[in-house]
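Geometric and topological summary
These are the residues of each chain, in order.
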Amino acid sequence: MENNNVISRSFDKPTIVTDDIKENCLLENTMVSGYGTAIIDKDFIQDMNKIAEEIDTSNNNFVTITTTLQNKIYEYFYSKEGNNLSREKIYDEKAITDEDGMVIGTKISDLKGMNVALCSEKSTAAYIILKNLYDNNKISRKPFLNLSYLREELSCDKNPHAFVTLSKEDASYPAKHLLYDVENPTVLENDKKERFALVGLYALTDEEKEDIENGYECTPTSLYEILGNFKEISAKRVYGSKEKKKDKKKR
């Protein structure tokens, strides 16, 4: 199998994808090459581009668009039938090896309906779909695939995490930059104390976007808090791997 390129992870700085993902590109889910590596195969790319064609963007409402996109991604990777195997077992059983018997990776299309996809596969799916919509002038925000880290605000445990950021330089409201966390919905409460779980969308300032690109920790504001009378009640999420040192005030 021809390998065009590899999307690798790094400890101290995020990996950011801005171009089209080539067929058979490898996506490293761990720091160990081969183990847990996803192959972004032709069938998967075609499936995602087909989904992009099905998404109605005529209302130009990005919350609605991402909600539809999110539902379709979950329909692709999850099924009621499911399976009783773990993610590691699925990756192992469906792994492709080279002529020397070394593991290359597992095709993402082989994870369809298996109920084991996590942030890396889902965010890759979202990125391909959003890139298709952007390239075809169906959305005005340019997407970026981010392989970085995530922790909850009151926890010190950082875990590898993938998400999508989107930018529109001439936008001002509700924000120039957005963060779309495909894996984690946002739990919100309105002024009537009613609770909702919605697609994880966050507003980013220029500084916050730059921090994320450089691997510094960032706790963005929920987009829904800006758009309406909602308060985020789920644990605050901190994206990035490095604590940003604050400038010391001069005495």
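Above this note sits the structure.
First things first, this report covers the structure right here in the doc. (Residues numbered from 1 in each chain as written. Predicted model: local features only at pLDDT ≥ 70, side-chain atom pairs only at ≥ 80, totals over all residues. Heavy atoms only, no water.)

**Examining the overall build of the protein chain**
For the protein chain, the helix and strand inventory stands at 6 helices and 13 strands. At 19 Å, the protein chain has a C-alpha radius of gyration in line with the 18 Å of a compact globule built from 251 residues. Dimensions of the protein chain along its principal axes, counting C-alpha atoms only, are 65 × 50 × 35 Å. Distance between charge centroids for the protein chain: 6 Å, based on 36 positive and 44 negative side chains. (Helix = DSSP H or I, 4+ residues; strand = E, 2+ residues; numbered from the N terminus. Rg over C-alpha atoms; globule rule 2.2 N^0.38 Å. Lys, Arg positive; Asp, Glu negative; His and termini not counted. Charge placed at Lys NZ, Arg CZ, Asp CG, Glu CD.)

**With respect to the side chain of Asp-41**
Here Asp-41 is to be found in the loop between β4 (37-40) and α1 (42-54). Of the buried charged residues, Asp-41 lacks a salt bridge, with Lys-107 as the closest side chain of opposite charge at 5.3 Å. Engagement of the side chain of Asp-41 in a polar contact is seen with the backbone nitrogen of Ile-108, the distance being 3.2 Å. Every residue in contact with Asp-41, bar those within four places of it in the chain, is listed here: Glu-23, Asn-24, Lys-107, Ile-108 and Ser-109. (Buried < 20%, exposed > 50% of the residue type's maximum accessible area, 1.4 Å probe, protein only. Salt bridge = Lys/Arg side-chain N within 4 Å of Asp/Glu carboxyl O. Polar contact = N/O pair within 3.5 Å; in protein donor to acceptor, adjacent residues only side chain to side chain. Contact = heavy atoms within 4.5 Å.)

**Quick word on the pairing of strand β8 (residues 159-167)**
Within a regular strand, side chains alternate between the sheet's two faces. Among the 9 residues in β8, 7 count as buried, and that is most of the element. Taken together, the 9 bridges between strand β7 (residues 142-152) and β8 define a ladder with antiparallel strand orientation. Along β8, the bridge assignment pairs Pro-143 with Leu-166. The antiparallel pairing of β7 with β8 creates a hairpin that spans 6 residues between the two strands. (Pairing = 2+ DSSP bridges.)

**Points about empty space enclosed by the protein**
Counting across every chain of the model gives 1 cavity of 30 Å³ or more. There is about 40 Å³ of room inside the largest cavity. As for the largest cavity, its lining consists of Ile-16, Phe-144, Asn-146, Thr-165, Lys-209, Ile-212 and Glu-213. Where the lining of the largest cavity is concerned, the elements lending two or more residues are β7 and α5 (206-213). Ranked by residues supplied to the lining of the largest cavity, first place goes to α5 with 3 residues. For the lining of the largest cavity, a count of residues per class yields 3 nonpolar, 2 polar and 2 charged. (1 Å grid on protein atoms, 1.4 Å probe; cavity = no way out; pocket = protein on both sides within 12 Å on 5 of 7 lines; lining within 4 Å. Points joined across faces, edges and corners; volume = space filled by probe spheres on them. Nonpolar A, V, L, I, M, F, W, Y, C, P; charged D, E, K, R; others polar.)

**Side note on α1**
Given a rise of 1.5 Å per residue, 13 residues ought to cover 18 Å, and the 19 Å separating the end C-alpha atoms of α1 matches this to within 8%. Where α1 is concerned, the buried positions are Phe-44, Ile-45, Met-48, Ile-51 and Ala-52. Projected onto a plane normal to the axis of α1, the buried residues spread over an arc of 120° and lie on a single side. Across α1 from its buried face, at more than 90 degrees, point the exposed residues Lys-50 and Glu-53. Buried residues in α1 make contact with β4, α2 (62-77) and α4 (119-135). (Expected span 1.5 Å × (residues − 1). Arc of directions from axis to C-beta.)

**Describing the pattern of salt bridges**
Side chains bearing opposite charge may pair, as long as their charged atoms lie close to each other. Scanning the entire structure with this criterion turns up 12 salt bridges. Between Asp-135 and Lys-131 there is a salt bridge, with the nearest N and O atoms lying 2.9 Å from each other. Here the residue Asp-135 and the residue Lys-131 both occupy positions in helix α4, the gap between them amounting to 4 residues, near one helical turn.

**Quick notes on the layout of surface pockets**
As a volume, the second largest pocket reaches approximately 300 Å³. Every residue lining the second largest pocket is counted, 15 residues in all, and those nearest its centre are Asn-60, Asn-61, Phe-62, Arg-141 and Pro-174. Within the residue set of the lining of the second largest pocket, elements represented by two or more residues are α2 and α6 (223-227). At 3 residues, α2 tops the list of elements feeding residues into the lining of the second largest pocket.

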